[in-house]
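Next come the chains, spelled out residue by residue.
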Amino acid sequence: MAHAPLLSQTGLFGRLVVLVGLMAAGMLLISIPILLIPVFSGQLPEEFLLSPSFLKGMQFTQALSLFVLPTVLMAYLISPAPWRFLGLNKAPGWRNSMLTLASMIAIMPCMEMIIKWNEAITFPAFLAPAEDWMRMKELQAQEAMNLILTTGSITGWLINLLLVGVTAAISEELF
């Protein structure tokens, strides 16, 4: 059943404003558990935020509330056929799939070079505090990722694969 999209006649800037608003609402949605769950659980916020289960739940919630829901809502607000608008009405052909795979393999050396450049960046002395802050944040992100990915079971490995390999990839590409 077709619907009359509310933003079908809205310009690009208006659509961008609505999308940013939907993403802000998604950020607010994922902030609620961060603020409320430690209060009700009785744990200190630091302990709770470093729990692998909490980090995995937040990763999943973030993918949905920040990428999937705003994207689907925008498609619904823009087009009378949102799934077709998002390109979800047909599966990709084998040719496009193979080209994508080949492109990913071909770009890996370039990505490795960019990673090395990023690690080697040094700022002028007056920006040393900013550089230290960035390096600290990068280490914190790596520690959080290690907490999420470290597992000793097949079930944990499958959950990680679903969370990092499937949920994140699909939600970001949908966006």
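Residues numbered from 1 in each chain as written. Predicted model: local features only at pLDDT ≥ 70, side-chain atom pairs only at ≥ 80, totals over all residues. Heavy atoms only, no water.

Asks: How do you make sense of the confidence of the model for the protein when you look at a structure like this?
Replies: Put simply, the protein has an average pLDDT of 85, and 94% of its residues get 70 or more. No element of the protein has a lower mean pLDDT than helix H2 (residues 45–49), at 68, and none a higher one than helix H5 (residues 94–120), at 91. (pLDDT = per-residue confidence, 0-100. Helix = DSSP H or I, 4+ residues; strand = E, 2+ residues; numbered from the N terminus.)

Asks: What am I meant to see in the packing of aromatic side chains here?
Replies: The description of two aromatic rings rests on the distance between their centres and on the angle between their planes. In the structure shown here, the tally under the stated rule is one aromatic pair. With centroids separated by 5.4 Å and ring planes inclined at 70°, the aromatic side chains of Phe67 and Phe175 adopt a geometry described as edge-to-face. Placement of the pair is Phe67 in helix H3 (residues 52–78) and Phe175 in the segment after helix H7 (154–174), with a sequence separation of 108 residues. Accessibility expressed as a relative area gives 18% for Phe67, which makes it buried. (Phe/Tyr/Trp six-rings, centres within 6.5 Å; stacked < 30°, edge-to-face > 60°. Buried < 20%, exposed > 50% of the residue type's maximum accessible area, 1.4 Å probe, protein only.)

Asks: Is there a simple way to explain the packing of H3 against H7 in this structure?
Replies: In a pair of packed helices, the angle between the axes and the distance between the axes together describe the arrangement. As a packed pair, H3 and H7 sit with axes 9 Å apart at the nearest point and diverge in direction by 20°. One finds that H3 runs roughly parallel with respect to H7. When the axes of H3 and H7 are compared, the crossing they make is left-handed. Judged by residue contacts, Lys56, Gln59, Phe60, Ala63, Phe67, Val68, Thr71 and Val72 of H3 engage Ile159, Asn160, Leu163, Thr167, Ser171, Glu172 and Leu174 from H7. (Axes fitted to C-alpha atoms, helices over the stretch in contact; angles between N-to-C directions. Parallel < 35°, antiparallel > 145°, perpendicular 65-115°, else oblique. Left-handed = near helix turned anticlockwise from the far one by under 90°. Contact = heavy atoms within 4.5 Å.)

Asks: Looking at this model, I keep getting lost on a nonpolar patch on the surface. Mind explaining?
Replies: A cluster of nonpolar residues, Leu29, Ile32, Ile34, Leu35, Leu36, Val39, Phe40, Leu69 and Leu73, forms a patch on the protein surface that exposes about 890 Å² of accessible area. The set of elements that each furnish at least two residues to the nonpolar patch consists of helix H1 (12–41) and H3. Sort the elements by how many residues they give to the nonpolar patch and H1 lands first, with seven residues. (Patch = residues over 30% accessible without salt bridge, like charges linked within 9 Å, V, L, I, M, F, W, Y side chains within 5 Å. Areas by Shrake-Rupley, 256 points an atom, 1.4 Å probe, with all protein chains shown as cover. Salt bridge = Lys/Arg side-chain N within 4 Å of Asp/Glu carboxyl O.)

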